[in-house]
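Take a look at the letters that make up each chain.
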Amino acid sequence: MSRSTHATRTRIALAAATSALAILAMPTAAAAQATQTQGQTTYTEPEIIVTATKRASTIQDVPFSINAQTQEDIQKSGAVTIEDLSRNVAGLSIQNLGPGQSQVSIRGVSAGQVVRDQPGVKEQVGVYLDESVISLSLFTPDLDLFDLNRVETLRGPQGTLFGSGSVGGTIRYITNQPDLNKVEGQIEGNLNLVDGDDLGGYLKGAINVPLSDTLAVRAVGYHTEYGGFINALREGGGRDKDVNDGRRTGGRLAILFEPTPDISITPRIVYQEIRADGFNRQEVFNVFANPFTTTRPKVTFKEREQFLLLDEKFADDTMIADLTAKFGLGGVSLTSVTSYIDRDILASRDASALTGSVSIDLGFPDAAVTLPSNLRDTTSLKTFTQEVRLASDNASPFQWLIGGFYSDIERVYAQRLPTPGYDVFVNQFFAAACQPNDPATPADESAGCKDPATLTPLTARDIANGFPDNSPYNADIPYDIKQKALFGEISYDLGKLTATAGLRYYDFKEVRTFKSGGLFANGDNNRDRTKSDGFTPRFLLSYEASDNVTFNAQASKGFRLGGVNDPLNLPLCTPEDEAIFGGFQSYRDETLWNYEAGVKSRFNGVTLNAAAFYTDIKNLQVTLDAGSCSSRVVFNVPSAHTQGLEVELAARLAEGLDFSLNGSIIESEFDSTVTDGTGAVLAGIREGNRLPSVPKFQMSANASYTYPVRAGMDAYIAASFQHVGTRYTQPSDQENTPRSFVSGLAFGGAPGTNATVVDLKLPDYQLVNLSAGIEMDNGLDVVLYVNNLFDENALLSFDRERGGRARLGFSVGQPRTYGLTVRKSF
């Protein structure tokens, strides 16, 4: 299909969708009028106040597509993570890559699987805690949802007001703020049983205390124990249960100082620790454990099983300190937001299969192949940001906002592969290699000699490049990223029509150093610089057709900084993979234009919001697995698009009976084909193929019925159904699937020619959750629930080690969980 044909089809589709939205809205106004003439009872839903435009307004008044999950929504849904929430938000999808490593996409804008060893890749969805940006590519902050006022999902590029990390959209955690007028608090306890055999639970508390007429403090504390559900097979036939359990502990302390009604200063500190004792990986093949071995026990994995030589671990220590100051200056408001983040992350994995697979290729003895090997990925992050903005604060039809933003990010990513005893075998390897087959032919350094004249072999220490012994791979990759930006937005109210225009100027500078050493590395010492500047505009129209119906339209540009790929691990690459993937060095900035038309309506207890959108993407940054090299590279796809329809409906069907339905239909495809030097399509980047990790169809339905039991006590029952459609983890997964993976590694009596067949199309899954509770006027709530009633084993992403030669598996969701929650508010 030609580009012009595709553009024509897109315009037709968008026009048709816009017409459909208009038709949806027409009966809304009619129904509202009918209820008035017939004298029916009118239900008024509480207004949800949001700050998506950096001004307080209702969801219905925001002139673009937005969702807000309130504290009540979060509590009744039983959501404890952003992944739980995403299933109730149209157009929002989460790819679970393990604890603290979820990847977020909005409206199908996705580059595919981005994993731990790609620190240079920038996020596509910005994440904020109130006014402070906390986004970090690879490691979406896994914040506790307790004592939140709401979670806002802003769809489409938000670069004008929220910067480059919001190319696909923005998620904002909005906390409850200190209150000068009342003492209030809440304590909540939970006990749950995961997969029928592992207990979890939590205890959380929050309190707000006015200290004077001008000073108030709000404190939050929480501790959660997560039950595990993955079982680990061990060397020698052992089996450990529930190895992926964990815990989260943290708190927030905020102080409000309001000396006058026009001045408020709120310093805050947030601290959180996450520990996980393993990963939610379900394996189907491991070079040490598979059905093909003869001298080792044959293993066929069951659901929620993996093989480990070493324990695994994830740790995330996060400290956020920020200060928000607001000043009323008579018709103008001044806001200053200063924040500092100090974060340390460790992902410690059992890499024995990876290291062992390389040892097999090198001809090492079995004693070397089975050495336990621990890959330790660490991230140290220090971020300083400062934003200052001025905004009009009056009743004029002309409103404006202007501001400046600065950030300084120091991120140090490091890898170590401690494998005790490995250097003995490395030294033997070099000694054997440094021997000429023909005495007349001198040895050279590439054959393992550091001195060809004397046939002195290399040693592991010679290639360590200053890194520790017995660690065949090491890398230090510090980044220094500075950003400056100016932004502004103006709007004019013409009565029923409001027009808004915004613009952001950005200037990025990134310096990256790459140093590596060890047998699997190249011994690199590189320093690279990336810089970029430009503009991201946004244009909005909002038309109030009636008191109950508003139409809106938007055109906005998004931006994501490019970068430089890490060098391939050439000692691990086959010649074919080196030839295919060795040419990808740098990748350019990703840009997109988002066009949308929507309707927002409310009548007689029914709220219907819908939007149709089309996104035109240039230089999409796509990640691919570089085959045998145990590397990943990012490259640009010239063009891609997403388009779709998202609908959110909430209704009060009768007194006490509430129903909501949220859904999205998304087409996200490549509009370009990328080939390698041989003319073969590279990594599934073929025109018409789907962008990865995004379901075509996703929906949720929620119903609850509340009824009085006696004076001061209500009971309720609630049910939810969530459907997530099929996805692919990487673009290449949609070609040649089901796929036969052949390790090529003769080990344990397995010839290495046996195939493990895996369907790489992640199947759709359905989750059913039930709950029943009692709510009392004295603030006491008791809730019984079961999540994932039918124990669906949801496959969330595909995991492959060294191109699948060492290990194959899936990240999986949480199984059936029973729980009891008791909550007391005062």
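Structure: above.
No experiment lies behind these values; they were computed from the predicted model shown. (Residues numbered from 1 in each chain as written. Predicted model: local features only at pLDDT ≥ 70, side-chain atom pairs only at ≥ 80, totals over all residues. Heavy atoms only, no water.)

(A) Inspection of the overall build of the protein chain at higher detail. Within the protein chain one finds 8 helices and 43 strands. Scaling as 2.2 N^0.38, a compact globule of 826 residues should have a C-alpha radius of gyration of about 28 Å, and the protein chain matches this with 28 Å. With respect to the principal axes defined by its C-alpha atoms, the protein chain has extents near 105 × 55 × 55 Å. Looking at the 826 residues of the protein chain, the share that counts as buried comes to 57%. Restricting to contacts in the protein chain with at least 6 residues of sequence separation, those with at least 24 account for 70%. About 31900 Å² of surface is accessible on the protein chain, with carbon and sulfur atoms providing 58% of the total. Between the averaged position of the 73 positive side-chain charges in the protein chain and that of its 97 negative side-chain charges there is a distance of 2 Å. (Helix = DSSP H or I, 4+ residues; strand = E, 2+ residues; numbered from the N terminus. Rg over C-alpha atoms; globule rule 2.2 N^0.38 Å. Buried < 20%, exposed > 50% of the residue type's maximum accessible area, 1.4 Å probe, protein only. Contact = heavy atoms within 4.5 Å. Areas by Shrake-Rupley, 256 points an atom, 1.4 Å probe, with all protein chains shown as cover. Lys, Arg positive; Asp, Glu negative; His and termini not counted. Charge placed at Lys NZ, Arg CZ, Asp CG, Glu CD.)

(B) Expanded view of the side chain of Asp144. Topologically, Asp144 is positioned in the loop between β7 (132-133) and β8 (148-155). One polar contact links Asp144 to Lys204, side chain to side chain, over a distance of 3.2 Å. Of note is the side chain of Asp144, whose polar atom sits 3.3 Å from the side chain of Arg248. Not counting the four nearest positions on each side in its chain, Asp144 is found in contact with Lys204, Tyr222, Thr224, Arg248, Arg252 and Gln272. (Polar contact = N/O pair within 3.5 Å; in protein donor to acceptor, adjacent residues only side chain to side chain.)

(C) Region of interest: the sheet that holds strand β17 (residues 281-286). As summarised here, the arrangement of the 3 strands in space is β17-β42-β41, forming an open sheet in which the pairing is antiparallel. Among the strands making up the open sheet, the edge pair consists of β17 and β41 (795-801). Adjacent strand axes in the sheet meet at a mean angle of 20 degrees, parallel and antiparallel pairs treated alike. Across 6 bridges, β41 lies against strand β42 (residues 807-812) in antiparallel orientation. Opposite Arg800, over in β42, you have Leu808 as the bridge partner. (Pairing = 2+ DSSP bridges. Axes fitted to C-alpha atoms, helices over the stretch in contact; angles between N-to-C directions.)

(D) The arrangement of the state of the cysteines in detail. Tallying each qualifying case throughout the model produces 1 disulfide. Residue pairing for Cys434: its cysteine sulfur links by disulfide to Cys449, the two sulfurs lying 1.5 Å apart. Because the torsion about its S-S bond is 110 degrees, the bridge between Cys434 and Cys449 counts as right-handed. Taken together, the residues Cys434 in the loop between α7 (422-433) and β23 (449-451) and Cys449 in strand β23 connect sequence positions 15 residues apart. (Disulfide = S-S within 2.5 Å.)

(E) Looking closely at α7. With 12 residues, α7 should reach 16 Å at 1.5 Å per residue; the first-to-last C-alpha distance of 17 Å fits that figure. For α7, the full list of buried residues reads Tyr422, Asp423, Phe425, Val426 and Phe430. Along α7, the residues classed as buried sweep out an arc of 160 degrees about the axis, all on the same side. Those residues of α7 hidden inside the fold are in contact with α5 (352-362), α6 (366-369) and β24 (456-457). (Expected span 1.5 Å × (residues − 1). Arc of directions from axis to C-beta.)

(F) Main features of the pairing of strand β43 (residues 817-825). Across 9 bridges, strand β10 (residues 184-194) lies against β43 in antiparallel orientation. By the bridge assignment, Ile187 is partnered in β43 with Lys824. Examined bridge by bridge, strand β40 (residues 780-787) and β43 share 8 bridges and lie antiparallel to one another. Paired with Leu784 across the bridge in β43 is Leu820.

(G) Region of the structure containing α5. Across the 11 residues of α5, 9 count as buried, placing the element largely inside the fold. All buried positions along α5 are accounted for by Ser352, Ala353, Leu354, Thr355, Gly356, Ser357, Val358, Ser359 and Ile360. The positive-phi residue at the C-terminal boundary of α5 is Gly363, with phi of around 80 degrees.

(H) Structural detail: the packing of aromatic side chains. Per the stated rule, a full pass over the model turns up 16 aromatic pairs. Their ring planes at 20 degrees and their centres at 3.9 Å tell us that Tyr506 and Phe559 sit as a pair that is stacked. In this pair, Tyr506 sits in strand β26 (residues 497-517) while Phe559 sits in strand β28 (residues 549-560), placing the two residues 53 residues apart along the sequence. For the residue pair Tyr506 and Phe559, the accessibility class agrees, reading buried in each case. Between Trp593 and Tyr595, the aromatic rings sit 6.1 Å apart at their centres with planes inclined by 15 degrees, giving stacked as the arrangement. Relative accessible area serves as the criterion here: at 33%, Tyr595 is assigned to the partly exposed category. An aromatic cluster is present here, built from Phe364, Tyr422, Phe429, Phe430 and Phe520 joined pairwise through their rings. The ring of Tyr202 is capped by Lys204, whose NZ or CZ atom sits 4.1 Å from the centre of that ring. (Phe/Tyr/Trp six-rings, centres within 6.5 Å; stacked < 30°, edge-to-face > 60°. Lys NZ or Arg CZ within 6 Å of the ring centre and 35° of its normal.)

(I) Representation of the sheet that holds strand β13 (residues 231-234). Strand order in this open sheet of 3 strands is β14-β13-β18, and the pairing throughout is mixed. With partners counted over all chains shown, the strands left at the sheet margins are β14 (239-240) and β18 (305-308), one partner each. Sheet analysis places β13 next to β18, joined by 4 bridges and oriented parallel. Residue pairing for β18: Arg234 is matched across the bridge by Leu308.

(J) Local environment of a negative patch on the surface. Taken together, the side chains of Asp61, Asp493, Glu544 and Asp547 present a region of like negative charge at the surface. Among the structural elements, Asp547 can be located in the loop between β27 (525-544) and β28. (Patch = residues over 30% accessible without salt bridge, like charges linked within 9 Å, V, L, I, M, F, W, Y side chains within 5 Å. Salt bridge = Lys/Arg side-chain N within 4 Å of Asp/Glu carboxyl O.)

(K) Spatial organisation of the nonpolar core. Residues Val151, Tyr173 and Phe314 are the most contacted members of the largest nonpolar core, which totals 32 residues. With 29 residues, the next largest nonpolar core counts Tyr413, Ala475, Leu519 and Leu561 among its residues. (Core = buried A, V, L, I, M, F, W, Y, C linked by side-chain atoms within 4.5 Å.)

(L) Representation of the pattern of salt bridges within the structure. Evaluated as defined, the whole model comprises 51 salt bridges. Salt-bridge contacts for Arg686 lead to Glu735; the nearest nitrogen and oxygen are separated by 2.7 Å. Residue Arg686 is found in the loop between β34 (657-670) and β35 (697-710), and its partner Glu735 is found in the loop between β36 (713-724) and β37 (739-742); the two are separated by 49 residues along the sequence.

(M) Highlighting a nonpolar patch on the surface. A cluster of nonpolar side chains, namely Phe398, Ile490, Tyr492, Leu494, Leu497, Leu541 and Tyr543, defines an oily patch on the protein surface of about 650 Å² accessible area. Those elements that place two or more of their residues in the nonpolar patch are β25 (474-493) and β27. Locating Ile490 in the fold gives a position in strand β25. With relative accessibility at 44%, the residue Ile490 sits in the partly exposed group.

(N) Looking closely at the environment of Ser380. When you line up the elements, Ser380 lands in strand β21 (residues 374-392). For the pair Ser380 and Asp344, spaced 36 residues apart in the sequence, the C-alpha separation amounts to 4.7 Å. Among all residues touching Ser380, those that are not within four sequence positions of it are Arg343, Asp344, Glu410, Arg411 and Val412. One polar contact links Ser380 to Asp344, side chain to side chain, over a distance of 3.5 Å.

(O) Quick peek at unusual backbone geometry. Residue Pro738 is bonded to the preceding Thr737 through a cis peptide linkage, with omega at 0 degrees. If you check the backbone angles, Arg107 has positive phi at about 60 degrees while not being a glycine. Structurally, the position occupied by Arg107 is in the loop between β5 (103-106) and β6 (125-129). The phi dihedral of Asp147 falls on the positive side, at around 60 degrees, and the residue is not glycine. Looking at the secondary structure, you find Asp147 in the loop between β7 and β8. A relative accessible area of 6% places Asp147 in the buried class.

(P) Main features of the pairing of β42. When you tally the buried positions in β42, you get 6 out of 6 residues, the bulk of the element. Burial along β42 is two-sided: Arg807, Gly809 and Ser811 facing one way and Leu808, Phe810 and Val812 facing the other are all buried. When β17 meets β42, the two strands line up antiparallel, connected through 5 bridges. For Glu283, the partnering residue across the bridge sits in β42 and is Gly809.

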